Amino acid sequence: MTAKKTASAVLIRTRAGRAELFWAQRALARAFLGGFHAFFAGSKLPADASFVACAARELFEEAGVLVTRSGTRLIALDEDSALGVLRRRACTGELDFESELGELGLQLDAARFEPVGHWLTPPWLLPTSETAFFVVRLGDDDHGIFDALADHLQVEEFEVGSWIEPAAALAAWQTGQVFMTTPIEHIVRALAEDASSPGRLLPGEQEQAVSQAHIEIVAGLRVLPLHTATLLPATHTNCVIVGQSELVIIDPGSKPGAELDKLWELVDRLVDAGARLKAIVLTHQHPDHVGGVRETATRYAAPVWAHAATALALEGAGIRVSRLLDDGERLVLAGDAGGEHALECLHTPGHAAGHLCFYHERSGCLIAGDLVASTGTIVIDPPEGNMGDYLASLRRAQRVGARMLLPAHGWLVAQPERLLEHFVEHRLAREQLVVAALEQCENPAMLLELVPIVYADVPEYVWPLAARSLLAHLEHLVEQGVAGREGDRFWHCGQ
Ligand SMILES: [Zn+2]
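What you are looking at is a predicted structure, and each value in this text was computed from that prediction instead of being measured. (Residues numbered from 1 in each chain as written. Predicted model: local features only at pLDDT ≥ 70, side-chain atom pairs only at ≥ 80, totals over all residues. Heavy atoms only, no water.)

Visitor: Can you break down the overall build of the chain residue by residue, with the values?
Guide: Along the backbone of the chain there are 14 helices and 26 strands. For the chain, whose C-alpha radius of gyration is 26 Å, the value lies close to the compact-globule estimate of 23 Å for 495 residues. In the chain, the proportion of contacts linking residues at least 24 apart, taken out of those at least 6 apart, comes to 62%. Accessible area for the chain stands at about 21000 Å²; split by element, carbon and sulfur atoms hold 52% of it. In the chain, which carries 40 positive and 65 negative side-chain charges, the distance between the mean positions of the two groups comes to 3 Å. (Helix = DSSP H or I, 4+ residues; strand = E, 2+ residues; numbered from the N terminus. Rg over C-alpha atoms; globule rule 2.2 N^0.38 Å. Contact = heavy atoms within 4.5 Å. Areas by Shrake-Rupley, 256 points an atom, 1.4 Å probe, with all protein chains shown as cover. Lys, Arg positive; Asp, Glu negative; His and termini not counted. Charge placed at Lys NZ, Arg CZ, Asp CG, Glu CD.)

The following block contains the structure:
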């Protein structure tokens, strides 16, 4: 499979002898990397003759910065000129940018785009994408024009943007205020060390690098998706490594083998650099979350911590839980100069009786386990699963006010409150369909009679799983006095 091609432009200017870069926070509503800080970037179009042409077009579209041989200009989105029209067209559709500029008598200044390497996305992230990064240094004459750059960003793409000194940008990531992916962090760090030589910005010895398997989204919060036998369409469980001088591993879900080796390589490296693995911490006991727990605990002589109900469920699996965690408890890990890493435990039953979420206080990221998923769905399967508890847990997680949510399956999500609200509403809407189905039936109905009525909108192969969630809804309705039950039969309790 060929990699998707993208290009990115990093703007740099020098004021009073100090370099500044321009970065922006991606719109919170964007499905991929919403809320992360990044540079201007986008996919290569058929009309883009090169990566430079792509980077130049994205820079124009997203920021209004036009780099031509006759100078560098800022084109406002509402500008009443041929270039203003061109930018608005670039924002809404495909464009043969270089030809259209040519018709206006302008030519891109490709020489102003200094190549600083190609990055390939980590192996688990599909489709694979190759991003070419370029640095554009603004001339002394350009400064005044670009002071107001933040006011000219494409609003669908970005929340906010700003000029910032590279050292301050790096500090924002180190203290957990800003989320970044590996190439962005690499470039910011290299600029903080020495902003003048583009060679330092390359991904390594080579001009191209494959991103490592894990992403350190803020300093001391690493996400490593490991391949597990989980519920399709999800194929991975996010293993999370929290801390700096002291570490915990949350949910090492892969069985021993090549996948778990990726975790061990990372932890070995951190331990060699002086870190200490304090514990392995579990969100719950399902196999795709605990596959590598026993061997990892043995390898690092680390204890296992979990909720009492999880400990009980794991008794038969040869995993001994040595510390029981409960709602409200804080796990404090020694950090670096930026301070400690504290995780607040949230007891969030529903999917599993002992399910825990962990709120990373420094970054505002909620490590959510199987409370919700951004790929696939969460099954509420009685008697272990309980719909009433699950709805209360979604509400409980909303009250934390997290900035980012990291589910066990799928990618990170900004605006967690909105996602959690969506899942509450989704479950309540389904429950209304259950009530309506019960009302339709003249006689008490069997569970399997109700499935095709309540789940008419989902493919038939999903029905066996759907039947489990239906039972959870029915039990919830019985608890509320809305439905009656005798054995396998359910009925609506009239008004
Ligand atoms: Zn689970």
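Visitor: Talk me through the nonpolar core; I want residue IDs and the actual numbers.
Guide: If you look at the biggest cluster of nonpolar residues, it comprises 37 residues, and the most contacted ones within it are L11, L59, V65, F97, F113 and L149. Among the secondary structure elements, those contributing two or more residues to this core are strand 1 (4-15), strand 2 (18-26), helix 1 (51-63), strand 5 (65-68), helix 2 (82-92), helix 3 (97-103), strand 8 (129-137) and strand 9 (158-164). Of the residues forming this core, the biggest block, eight residues, is contributed by helix 1. Beyond its immediate sequence surroundings of up to four residues, F113 is in contact with V52, A55, A56, L59, V67, F134, V135 and V136. Core analysis: the second largest hydrophobic core is formed by 31 residues, F36, I215, V242 and L356 among them. (Core = buried A, V, L, I, M, F, W, Y, C linked by side-chain atoms within 4.5 Å. Buried < 20%, exposed > 50% of the residue type's maximum accessible area, 1.4 Å probe, protein only.)

Visitor: Go over the domain arrangement of the chain with me, naming the residues and quoting the values.
Guide: By domain assignment, the chain separates into domain 1 (4-210), domain 2 (215-414) and domain 3 (428-492). For domain 1 versus domain 2, the separation of C-alpha centres amounts to 35 Å. Here domain 1 and domain 2 share an interface that buries about 1600 Å² over both sides, 65% of which is from carbon and sulfur atoms. Looking at the side of domain 1 facing domain 2, the largest losses of area belong to W124, W173 and F179, adding up to 41% of the total buried there. Between the two partners, domain 1 and domain 2, sit zero salt bridges. Between the two partners, domain 1 and domain 2, sit seven residue pairs in polar contact (both at pLDDT 80 or more). (Domains from an automatic or database assignment. Buried area = accessible area lost by both parts, 1.4 Å probe. Salt bridge = Lys/Arg side-chain N within 4 Å of Asp/Glu carboxyl O. Polar contact = N/O pair within 3.5 Å; in protein donor to acceptor, adjacent residues only side chain to side chain.)

Visitor: Got a sec to walk through the sheet that holds strand 20 (residues 356-360)? Specific residues and values, please.
Guide: Pairing is mixed in the open sheet, where six strands are placed in the order 18-19-20-21-22-23. Of all the strands in the sheet, the pair left with one neighbour each is strand 18 (330-336) and strand 23 (413-414). Pairing between strand 21 (residues 365-369) and strand 22 (residues 404-407): four bridges, direction parallel. In the strand pairing of strand 22, C365 is matched with M404. (Pairing = 2+ DSSP bridges.)

Visitor: Requested: an account of the coordination of the zinc ion, with residues and values cited.
Guide: Taken together, the protein donors to the zinc ion comprise H284 (NE2), H286 (ND1), H351 (NE2) and D370 (OD), at separations of 2.2 Å. As a motif over one chain, the donors of the zinc ion read H-x1-H-x64-H-x18-D. A residue pair is termed long-range when its members are at least 10 positions apart, and H284 in the loop between strand 15 (276-281) and helix 8 (287-290) and H351 in the loop between strand 19 (339-347) and strand 20 qualify at 67 residues. Taken individually, H284 and H351 each receive the classification buried, so the pair is uniform in this respect. (Donors = N, O, S within 2.8 Å, 3.2 Å for Na, K, Ca; no water.)

Visitor: Hey, could you go over empty space enclosed by the protein for me, with residue numbers and the actual values?
Guide: Evaluation of the coordinates by the stated rule reveals two cavities of 30 Å³ or more. Together, N238, V240, I250, D251, T283, I367, A368, G369, L406, P407 and A408 line the largest cavity. Looking at the lining of the largest cavity element by element, the count peaks at three residues for strand 21. Taken together, the residues of the lining of the largest cavity break down into seven nonpolar, three polar and one charged. Together, V372, A373, G376, T377, I378, Y390, F423 and R427 line the second largest cavity. Per-class residue counts for the lining of the second largest cavity are five nonpolar, two polar and one charged. (1 Å grid on protein atoms, 1.4 Å probe; cavity = no way out; pocket = protein on both sides within 12 Å on 5 of 7 lines; lining within 4 Å. Points joined across faces, edges and corners; volume = space filled by probe spheres on them. Nonpolar A, V, L, I, M, F, W, Y, C, P; charged D, E, K, R; others polar.)

Visitor: Before we move on, could you go through helix 11 (residues 387-398) and cite the residues and values that matter?
Guide: Here helix 11 contains 12 residues, and its C-alpha end-to-end distance of 17 Å stays within 8% of the 16 Å for a straight helix at 1.5 Å per residue. With nine of 12 residues buried, helix 11 is to be regarded as a mostly interior element. By the burial criterion, the buried members of helix 11 are M387, G388, Y390, L391, S393, L394, R396, A397 and Q398. In the core, the buried residues of helix 11 are packed alongside strand 19, strand 21, helix 12 (416-440) and helix 14 (463-479). Capping the start of helix 11, N386 holds a side-chain oxygen 3.0 Å from the backbone nitrogen of G388, two or three residues further along. (Expected span 1.5 Å × (residues − 1).)

Visitor: I'd love a proper account of the sheet that holds strand 17 (residues 323-324), names of residues and values included.
Guide: Through backbone hydrogen bonds, the strands of a sheet pair up, either in parallel or in antiparallel fashion. What the seven strands build is an open sheet, ordered 11-12-13-14-15-16-17; its pairing is mixed. Whereas interior strands pair on both sides, the edge strands pair on one side only; in this sheet they are strand 11 (215-218) and strand 17. Looking at chain direction, strand 16 (residues 304-306) and strand 17 are connected through two bridges and run parallel. Bridge pairing in strand 17 places W305 opposite R323. Lying over the sheet, helix 9 (residues 293-300) contacts strand 14 (246-250), strand 15 and strand 16, oriented at roughly 160° with respect to strand 15. (Axes fitted to C-alpha atoms, helices over the stretch in contact; angles between N-to-C directions.)

Visitor: Can you tell me about helix 1, naming the residues and giving the values?
Guide: Compared with the 18 Å implied by 1.5 Å per residue over 13 residues, the 18 Å span of helix 1 between its first and last C-alpha is a close match. The buried fraction of helix 1 is high, at 13 of 13 residues. Directly after helix 1, the chain includes G64, whose backbone phi takes a positive value near 80°.

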